[in-house]
Amino acid sequence: MSVPTIDRDYLDGLLKRRFFFAPAFDIYGGVSGLYDYGPPGCALQANVIDVWRKHFVLEEDMLEVDCTMLTPYEVLKTSGHVDKFADWMCRDPATGEIFRVDHLVEEVLESRLKGNKEARGETAEPIAGAEEKKRKKKVKEIKAVKLDDAVVAEYEAVLAKIDGYSGPELGGLMQKYNIVNPATGGPLSEPLEFNLMFETAIGPSGHLKGYLRPETAQGQFLNFNKLLESNNTKMPFASASIGKSFRNEISPRSGLLRVREFLMAEIEHFVDPHDKSHPRFPDVADTKLRLLSKGTQQEGRTEVTEITIGEAVQTGLVDNETLGYFLARIYMFLIKVGVDHHRLRFRQHMSNEMAHYAADCWDAELQTSYGWIECVGCADRSAYDLTVHSNRTNEKLVVRQTLAEPLTVEAFEVELDKKKFGPKFKKDGKKIEQFLTSRTQCELEDLANELSDKLKIIVDVEGVGASVEIEKDIISIEKKTRQEYVREYTPNVIEPSFGIGRILYSLIEHNFWIRPESDQRAVLSFPPVIAPTKVLLVPLSNNEAFEPMINELSRLLRRAGIPAKVDDSSATIGRRYARNDELGTPFGVTVDFQSVQDRTVTLRERDSTKQVRGTVEEVIDAVRRMVGQDAVSWQEGTKGLASFDAASE
């Protein structure tokens, strides 16, 4: 489906003028990738978070935590972020300009495809004013150059797989397609990895190295034992966290879509690795989703398949029921807050972009004028996180399940001759013993074979200087049979992760339109549940007779928990309504001279501009029914109220 044309220059101006959000520190020149939210932006974000919390935390009975943003080096070294949390960048040696490589390749190839369309006399999608100026700085003007059909197909295949290329592969694409600095034509360096975390020092000595967290997940993993205890040691269960994260983006761009400080909402659903069914899966099995599989992408295509999540799990397209359940719940949440379902798809990670430990991973992507934007990731992370933190700290992060019947288990076990082991290794003995007892069954099997063949084993133990040699007379590694009455296992984790800023911007685009009768009357058609303000109170004029009723309406709406604003300015009624349509206010209540006589007021609906009339109590009751989590429609909410023909706005 084609994206509705958005005048992004107009929209960006509206968002800045009404202070939804704006660049931070702008009177000092600003810092790219950092934004401040104004009153309507704060209210919109708070309302989306409120819906998220009720949709997930309350409805799924999750355990919410709030963990610190400062994270010690050791934690993120263990999780892999220090070594692997990076993007690929390249530099122009002449100008010092830095580019994020995948974005550069994407933009250059897209501009060439648009130039090909122009050269062939086909209609290329127009670029909005402000974005066109930004793009010209990066890729100059789009040149009308005709490409061979084979080249067009090749470019489209590359773009379909752009998220799956490694750094060296991106470097190969730059060479193959002669991608240089678009603004100067100068050559660029080979791609280099750039770690995205903000480094800091914790404490005045500066000796404790740390980072601002790049995600909220690690705090949930480290508190697993406490969370399990909070859930009365019952499995499965989920924790949730909402908070700020930080990533030192190479080239922040596209407003809220790529920033350096952002709000995340993450869920960690802990599940038995032998049973990834979900008791509520039948409730969502018939939910239809638009899925872009990894197989389709690897073929260089982007067509989606629309099937039920039940079919997707049954055929193995989605790995398991719990992952499928959360994909359906993510879909329901996004639709509830106002996402256009035609511009929502779930894209499966390709094999070469998925983490080695992940069983399956899907991104909920929203289509905007910037293209398809990843807004929610949902991954089966297996047992990776709990395992690496447990191995590093020697703290067991496991579930202990009492078995109804004892289980006969064959496993390799390590036995040490303490009389010989202690005197030989002295102060290093404890570290070596912990190393040996924390090995996996596969590792122990390898060590047992080495011991049998060579009559000794040689291991490298962290914190012990040289390689450690242990002879057969000191150690025994043998497979033994034992009865287990308690099953001990490390849970797998299903992780839905939401980028709130990206969702907010996509919502704004999906709900933005301009009234056909006037190109200056913009509307943000937010669902009432997330609208920053629910009701606009409008006295017909500045006549003092209206003040008591306006005050009473304000008090009654506050008591009902419904945010309302009064606009008693001298502007016309139509102008006042138009200003609040820009803010997404769904309802307007007008007080006129008849209101003073019989306590009736008019109620206006934002999108249709229809109006009805009723008593103060009837109108407030109608509004209350139309703005909550289980809001009814305008037709249902105003049933029984009289239709009212107002003068043209």
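Numbering of residues starts from 1 in every chain and runs along the sequence as written. Only residues with pLDDT of 70 or above have their local features reported here, since the model is predicted, and side-chain atom pairs are shown and tallied only from 80 upward, although totals for entire chains, interfaces and linings are computed over all residues. For side-chain calculations, the full set of non-hydrogen atoms in the structure is used, while hydrogens and water are omitted.

A. Spotlight on the overall build of the protein. Put simply, DSSP marks the helices as runs of H or I at least four residues long and the strands as runs of E at least two long, and each gets a number from the N terminus on. Tallying secondary structure elements over the protein gives 24 helices and 29 strands in all. A simple rule labels every residue: compare its accessible area, found with a 1.4 Å probe on the protein chains alone, to the largest value its type can have, and call it buried under 20%, exposed over 50%, or partly exposed in between. A burial count over the protein gives 50% of its 649 residues as buried. In this analysis, two residues are considered to be in contact whenever any of their non-hydrogen atoms come within 4.5 Å of each other. Across the protein, the fraction of contacts at a sequence separation of at least 24, relative to all contacts at a separation of at least 6, is 70%. The accessible surface values rely on the Shrake-Rupley method and a 1.4 Å probe; as for residues, cover is taken only from the protein chains in view. Surface exposure of the protein reaches about 31,400 Å², of which carbon and sulfur atoms provide 50%.

B. Quick peek at the nonpolar core. Nonpolar cores were defined as sets of buried Ala, Val, Leu, Ile, Met, Phe, Trp, Tyr and Cys residues, with membership established by side-chain atoms within 4.5 Å. Trp 52, Ile 309, Phe 333, Leu 334, Phe 346 and Phe 498 are the most contacted members of the largest nonpolar core, which totals 70 residues. Among the elements that line this core, the one with the most residues is helix H14 (residues 321-336), at nine residues. With residues up to four places along the chain from it excluded, the contact list for Ile 309 reads Phe 281, Val 284, Ala 285, Thr 287, Leu 289, Val 318, Gly 324, Leu 327 and Ala 328. If you look at the next biggest cluster of nonpolar residues, it comprises 23 residues, including Leu 537, Met 549, Ile 620 and Met 626.

C. Here's a closer look at the sheet that holds strand S6 (residues 98-100). Two strands pair under a simple rule: DSSP has to find at least two bridges between them. In space, the three strands of this open sheet follow the order S6-S5-S7, with antiparallel pairing throughout. A single partner strand is all that each edge strand has here, and the edge strands are S6 and strand S7 (192-195). Strand after strand, the sheet turns through a mean of 45° between neighbouring axes, direction not considered. Relative to S6, strand S5 (residues 86-91) runs antiparallel, the two sharing three bridges. In the strand pairing of S6, Arg 91 is matched with Ile 98. For helices, the fitted line uses only the C-alpha atoms of the stretch in contact; every axis is such a line through C-alpha atoms, and the angle between N-to-C directions lies from 0 to 180 degrees. Of the strands in this sheet, S5 and S6 touch helix H5 (residues 101-119), which is tilted by about 80° from S6.

D. Up close: the packing of H5 against helix H8 (residues 167-176). Following both chains from N to C, one finds H5 and H8 inclined at 35°, their axes separated by 10 Å at the closest point. Between H5 and H8 the crossing geometry is left-handed. Along the contact surface, H5 presents Val 101, Asp 102 and Val 105, while H8 presents Leu 170, Leu 173 and Met 174. Crossing handedness follows the turn of the near helix against the far one: under a right angle anticlockwise gives a left-handed crossing, and clockwise gives a right-handed one.

E. Geometry of the sheet that holds strand S28 (residues 611-615). Across the sheet, which stays open at both edges, the six strands sit in the order S25-S24-S26-S27-S28-S29 with mixed pairing between neighbours. Looking at strand neighbours, the two that pair on one side only are strand S25 (564-566) and strand S29 (642-644), the edges of this open sheet. Pairs of neighbouring strands in the sheet enclose a mean axial angle of 30°, with direction left out of account. Running over the sheet, helix H21 (residues 573-581) touches strand S24 (535-539), strand S26 (587-591) and strand S27 (600-605) and is turned about 165° from S24. Contacting S24, S26, S27 and S28, helix H23 (residues 616-627) crosses the sheet at an angle of about 125° to S28.

F. A look at helix H20 (residues 547-559). In this analysis, the expected span of each helix is defined as 1.5 Å times one less than the number of residues it contains. Given a rise of 1.5 Å per residue, 13 residues ought to cover 18 Å, and the 18 Å separating the end C-alpha atoms of H20 matches this to within 8%. Regarding H20, the residues found buried are Met 549, Ile 550, Leu 553, Ser 554 and Leu 557. Along H20, the residues classed as buried sweep out an arc of 140° about the axis, all on the same side. Turned more than 90 degrees off the buried face of H20, the exposed positions are Pro 548, Arg 558 and Arg 559. In this fold, the buried residues of H20 make contact with S24, S25, S26, helix H22 (593-598), S27 and H23. Downstream of H20 by a residue or two, Gly 561 has a phi angle that is positive, lying close to 75°. Picture the helix axis, draw a direction to every C-beta atom, and the arc is the one those directions span.

G. Quick peek at the state of the cysteines. To count as a disulfide, a pair of cysteine sulfur atoms needs to be within 2.5 Å. For the structure shown, the criterion picks out zero disulfides. For the unlinked cysteine Cys 361, the closest cysteine sulfur is that of Cys 378, found at 7.6 Å.

H. Structural view of the pairing of strand S18 (residues 456-459). Burial along S18 is one-sided: the residues Ile 457 and Val 459 are buried and none of Lys 456 and Ile 458 is. Looking at chain direction, S18 and strand S19 (residues 468-471) are connected through four bridges and run antiparallel. Among the inter-strand pairings, Ile 458 is bridged to a residue of S19, identified as Glu 469.

I. Expanded view of the pattern of salt bridges. A pair is scored as a salt bridge if a Lys or Arg side-chain nitrogen falls within 4 Å of a carboxyl oxygen belonging to Asp or Glu. This structure, assessed with the given rule, holds 51 salt bridges. With a shortest N-O distance of 3.2 Å, Glu 60 and Arg 280 are connected by a salt bridge. With Glu 60 in the loop between helix H2 (39-58) and strand S3 (63-64) and Arg 280 in the loop between strand S11 (261-271) and helix H11 (281-284), this residue pair connects regions lying 220 residues apart in the sequence. According to the relative accessible area criterion, Glu 60 is buried, its value standing at 14%.

J. Quick peek at the packing of aromatic side chains. Each aromatic pair joins two rings of Phe, Tyr and Trp (for Trp, the six-membered one) with centres within 6.5 Å, and gets the label stacked for planes under 30 degrees apart, edge-to-face for over 60, and tilted for any other angle. According to the stated counting rule, one finds 19 aromatic pairs in the structure shown. Residues Phe 546 and Phe 593 carry aromatic rings whose centres are separated by 4.8 Å and whose planes lie at 55° to one another, so their mutual orientation is tilted. Of this pair, Phe 546 sits in the loop between S24 and H20 while Phe 593 is found in helix H22, placing the two residues 47 residues apart along the sequence. A relative accessible area of 1% places Phe 546 in the buried class. Residue Phe 593 is classed as partly exposed on the basis of its relative accessible area, which comes to 45%.

K. Summary view of H14. Relative to the 22 Å expected for 16 residues at 1.5 Å per residue, H14 spans 22 Å between its end C-alpha atoms, a close match to the ideal helical length. For H14, the tally of buried residues reaches 12 of 16 residues, placing the bulk of the element in the interior. A 3.5 Å cut-off defines polar contacts: any pair of N or O atoms within that distance qualifies, except that in protein one atom must be a possible hydrogen donor and the other a possible acceptor, and neighbouring residues in sequence count only when both atoms are side-chain atoms. A distance of 3.2 Å separates the backbone nitrogen of Thr 322 from a side-chain oxygen at the start of H14, and that oxygen is part of Asn 320. The positive-phi residue at the C-terminal boundary of H14 is Gly 338, with phi of around 115°.

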